[in-house]
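One letter stands for each residue in the lines below.
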Protein chains: 2
Amino acid sequence: MTRNASPDGGTPRLRADAARNRAQVLAAARSAFRELGTAAPLDEIARRAGVNIATLYRRFPDRDALIRQVVLDGFTLVVQTAHDALETAPQDPLAAIEKMLLRLVDERDMLVLPLIGGPVIDDTQALELQRRTAATLEDILAVARAQDAVRPDVTAVDLITTGALACRPLPHLPAEQATTLATRHVRIFLDGLRPDGARPLPPPPTREDLTAHLHTAEGTDREPGPTQV
Amino acid sequence: MTRNASPDGGTPRLRADAARNRAQVLAAARSAFRELGTAAPLDEIARRAGVNIATLYRRFPDRDALIRQVVLDGFTLVVQTAHDALETAPQDPLAAIEKMLLRLVDERDMLVLPLIGGPVIDDTQALELQRRTAATLEDILAVARAQDAVRPDVTAVDLITTGALACRPLPHLPAEQATTLATRHVRIFLDGLRPDGARPLPPPPTREDLTAHLHTAEGTDREPGPTQV
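All figures in this text were calculated on a predicted structure; none of them were measured in a lab. (Residues numbered from 1 in each chain as written. Chains lettered and ligands numbered in written order. Predicted model: local features only at pLDDT ≥ 70, side-chain atom pairs only at ≥ 80, totals over all residues. Heavy atoms only, no water.)

**Structural notes on helix α9 (residues 175–192) of chain A**
For step 1, the next point in the chain: Here α9(A) contains 18 residues, and its C-alpha end-to-end distance of 26 Å stays within 8% of the 26 Å for a straight helix at 1.5 Å per residue.
For step 2, the next point in the chain: Judged by how many residues are buried, α9(A) sits mostly within the fold: 13 of 18 residues are covered. (Helix = DSSP H or I, 4+ residues; strand = E, 2+ residues; numbered from the N terminus. Expected span 1.5 Å × (residues − 1). Buried < 20%, exposed > 50% of the residue type's maximum accessible area, 1.4 Å probe, protein only.)

Next up, the structure:
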């Protein structure tokens, strides 16, 4: 029997080990980035993951590859959460939006990178995840508007902003109390989304306004904004 | 004529120079802390302030003294803003709260330190400023409740949370667009504070719950939470 030790092509046992190592490294990277910033030493990440530094390098050849995967994992969670909300939106659009935002608050540890800053990940896959998130949120709002369940002037960007504000790690507040405060904040915000008596909002920026400085060839500011959530 | 070059005891000309230097150092410290964290090199702060490093040390003998003053300046702004809101609350409580939050968003550069984290400043003066902020916010809410202008279950802690969330520097979004997004968010939140049809909120933590881990003699976590805003 030939044993192949490559990360993804080995025996089932080796493939399971590789997948577990990879997940451990990514979880360790998220905690280290959150506490130390994106310059966190890679050997500290390996130590937190309980793996050898060589194992880390076998999964992620450099810091950029690790950062990119953490960002993509966060974007993927956001897309999935938005899609789930769209599924249930026809029954109760505001409840679907609330559940979506509170789920993101609960899973905010997955979203650490776009929220604390770091290099912009503007490859095709990341941009496609962001585009799908924005489109799905607009679909949810369209369902809500058709039922007159939401003020007419709220946009996908407002929901992205609220997710970003509520999910960003509050400095050094115990996690449970941070969740309680974020939950109350989101609940009040949701009551503010109701159409009855809502005062008109100031004009919104478009998503294109917000990302133009990030993605133009001339742009010098290559760092992410909360619009990446 | 005797010329006294001590920072605060000199001729009017020298005292004016000293006050200007001090303000320049504090503004430079805020920008450096925001961009580089509270470990920003003191010589970088002196460079940004356009003063000699010796001048910086004459005003602030060490990093802790500089951090403390930045925090106190931020807390003082918050207390003043809350007091101004209490003055106008009887005419229109929600408008007073909205104006207060939007003023803090506009002046968020003053609040950088409690919002990005850093050492807890729990000396008497800082605690007194925080106590006065919370008490003034409760006074504003009492005025609002007496007029049935606000949902009954919102607390001072919710207003502090909202100020903290809306004022924290969004990563790398241009300032003007960050202000637009924060303004829309605060406006929707304010509509959610109205009493009509508000769904009851989950139970709030008290301010004491939130700060107990910071100020007990046994506490090992000495870092600030957003409750310091």
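**Side note on the relation of the copies chain B and chain A**
For step 1, the next point in the chain: Taken as rigid bodies, chain B and chain A are interconverted by a rotation of 180° and an axial shift of 0.0 Å, the fit giving an RMSD of 0.0 Å. When the rotation and shift are considered jointly, the pair of chain copies conforms to a two-fold rotation axis. Among all residues of chain B, the minimum C-alpha distance to the rotation axis is found for G192(B), at 1.7 Å.
For step 2, the next point in the chain: Looking at chain B, 100% of its interface residues are interface residues in chain A too, so the copies touch through the same face. (Least-squares fit on C-alpha atoms with pLDDT ≥ 70 in both. Contact = heavy atoms within 4.5 Å.)

**Points about the interface of chain B and chain A**
For step 1, the next point in the chain: Residue-level contacts link 54 residues of chain B with 54 residues of chain A.
For step 2, the next point in the chain: With both sides pooled, the region where chain B packs onto chain A buries about 4,700 Å², and carbon together with sulfur makes up 57% of that total.
For step 3, the next point in the chain: At the surface where chain B touches chain A, the tally comes to eight salt bridges.
For step 4, the next point in the chain: For R199(B), the salt bridge identified is with D191(A), shortest N-O distance 2.7 Å.
For step 5, the next point in the chain: At the surface where chain B touches chain A, the tally comes to 23 residue pairs in polar contact (both at pLDDT 80 or more).
For step 6, the next point in the chain: Mapped by element, the contributors of at least two residues to the side of chain B that touches chain A are α6 (112–116), α8 (156–167), α9 (175–192) and α10 (207–215) of chain B.
For step 7, the next point in the chain: For the side of chain B that touches chain A, the element with the highest residue contribution is α9(B), accounting for 12 residues.
For step 8, the next point in the chain: A breakdown of the residues in the side of chain B that touches chain A according to their chemical character gives 26 nonpolar, 14 polar and 14 charged. (Buried area = accessible area lost by both parts, 1.4 Å probe. Salt bridge = Lys/Arg side-chain N within 4 Å of Asp/Glu carboxyl O. Polar contact = N/O pair within 3.5 Å; in protein donor to acceptor, adjacent residues only side chain to side chain. Nonpolar A, V, L, I, M, F, W, Y, C, P; charged D, E, K, R; others polar.)

**As for a negative patch on the surface**
For step 1, the next point in the chain: A contiguous patch of negative charge on the surface is contributed by D148(A), D196(A), D148(B) and D196(B).
For step 2, the next point in the chain: Along the chain, D196(A) turns up in the loop between α9 and α10 (207–215).
For step 3, the next point in the chain: In this structure D196(A) comes out as partly exposed when scored by relative accessible area, which is 42%. (Patch = residues over 30% accessible without salt bridge, like charges linked within 9 Å, V, L, I, M, F, W, Y side chains within 5 Å. Areas by Shrake-Rupley, 256 points an atom, 1.4 Å probe, with all protein chains shown as cover. Lys, Arg positive; Asp, Glu negative; His and termini not counted. Charge placed at Lys NZ, Arg CZ, Asp CG, Glu CD.)

**Some remarks on the nonpolar core**
For step 1, the next point in the chain: Ranked by size, the top nonpolar core spans 34 residues in total, and within it I97(A), M100(A), L137(A), L159(A), L190(A) and L193(A) carry the most contacts.
For step 2, the next point in the chain: Of all the elements in the fold, those that place two or more residues in this core are α4 (63–88), α5 (93–106), α7 (124–146), α8 (156–167) and α9 of chain A.
For step 3, the next point in the chain: Sequence-distant contacts of L193(A), that is, excluding residues within four places in its chain, are made with L94(A), I97(A), A149(A), V150(A), R151(A), V154(A), L159(A) and I188(B).
For step 4, the next point in the chain: Core analysis: the next-biggest nonpolar cluster, separate from the first, contains 33 residues, A82(B), A96(B), L101(B) and V105(B) among them. (Core = buried A, V, L, I, M, F, W, Y, C linked by side-chain atoms within 4.5 Å.)

**Some words on the UniProt feature "DNA-binding region" (unreviewed entry) in chain A**
For step 1, the next point in the chain: UniProt records the feature "DNA-binding region" (unreviewed entry) for residues 41–60 of chain A in the present numbering.
For step 2, the next point in the chain: A distance of 14 Å separates the end C-alpha atoms of residues 41–60 of chain A, which is 75% helix and 0% strand. (UniProt positions renumbered as here; feature names shortened; annotations may be inferred.)

**Observations concerning the pattern of salt bridges**
For step 1, the next point in the chain: Counted under the stated rule, the structure contains 32 salt bridges over all chains.
For step 2, the next point in the chain: Close ionic contact of R68(A) with D123(A) constitutes a salt bridge, the shortest N to O distance being 2.3 Å. Linking R68(A) in helix α4 with D123(A) in the loop between α6 (112–116) and α7, this pair joins segments that are 55 residues apart in sequence.
For step 3, the next point in the chain: Given the relative accessible area of 22%, D123(A) is considered partly exposed.
For step 4, the next point in the chain: Between D158(A) and R184(B) there is a salt bridge, and its shortest N-O distance comes to 2.5 Å. Of the two residues, D158(A) sits in helix α8 while R184(B) sits in helix α9, which places them in two different chains.
For step 5, the next point in the chain: Residue classification places D158(A) among the buried positions, given a relative accessible area of 2%.
For step 6, the next point in the chain: It is possible to trace a salt-bridge network through shared partners that takes in E98(A), R187(A), D191(A), R151(B), D153(B) and R199(B).

**What about the environment of V25(A)?**
For step 1, the next point in the chain: Tracing the sequence through the fold places V25(A) in helix α1 (residues 12–36).
For step 2, the next point in the chain: Considered as a pair, V25(A) and R59(A) are 34 residues apart in the sequence and their alpha carbons are 8.6 Å apart.

**As for the packing of α1(A) against α4(A)**
All names here are of chain A.
For step 1, the next point in the chain: Running from N to C, α1 and α4 point in directions that differ by 90°, and their axes come no closer than 10 Å. Looking at the two axes, α1 sits roughly perpendicular to α4. The segment α1 lies against α4, with R22, V25, L26, A29, R30 and F33 engaging R63, L66, I67, Q69, V70 and D73.
For step 2, the next point in the chain: A breakdown of the residues in the contact of α1 with α4 according to their chemical character gives seven nonpolar, one polar and four charged. (Axes fitted to C-alpha atoms, helices over the stretch in contact; angles between N-to-C directions. Parallel < 35°, antiparallel > 145°, perpendicular 65-115°, else oblique.)

**A closer look at helix α2 (residues 42–49) of chain B**
Residue and element names in this part refer to chain B.
For step 1, the next point in the chain: For α2, the full list of buried residues reads L42, E44, I45, A46 and A49.
For step 2, the next point in the chain: As for α2, its buried residues are in contact with α1 (12–36), α3 (53–59) and α4 (63–88).
For step 3, the next point in the chain: Looking one or two places after α2, you find G50, whose phi comes out positive at around 70°.

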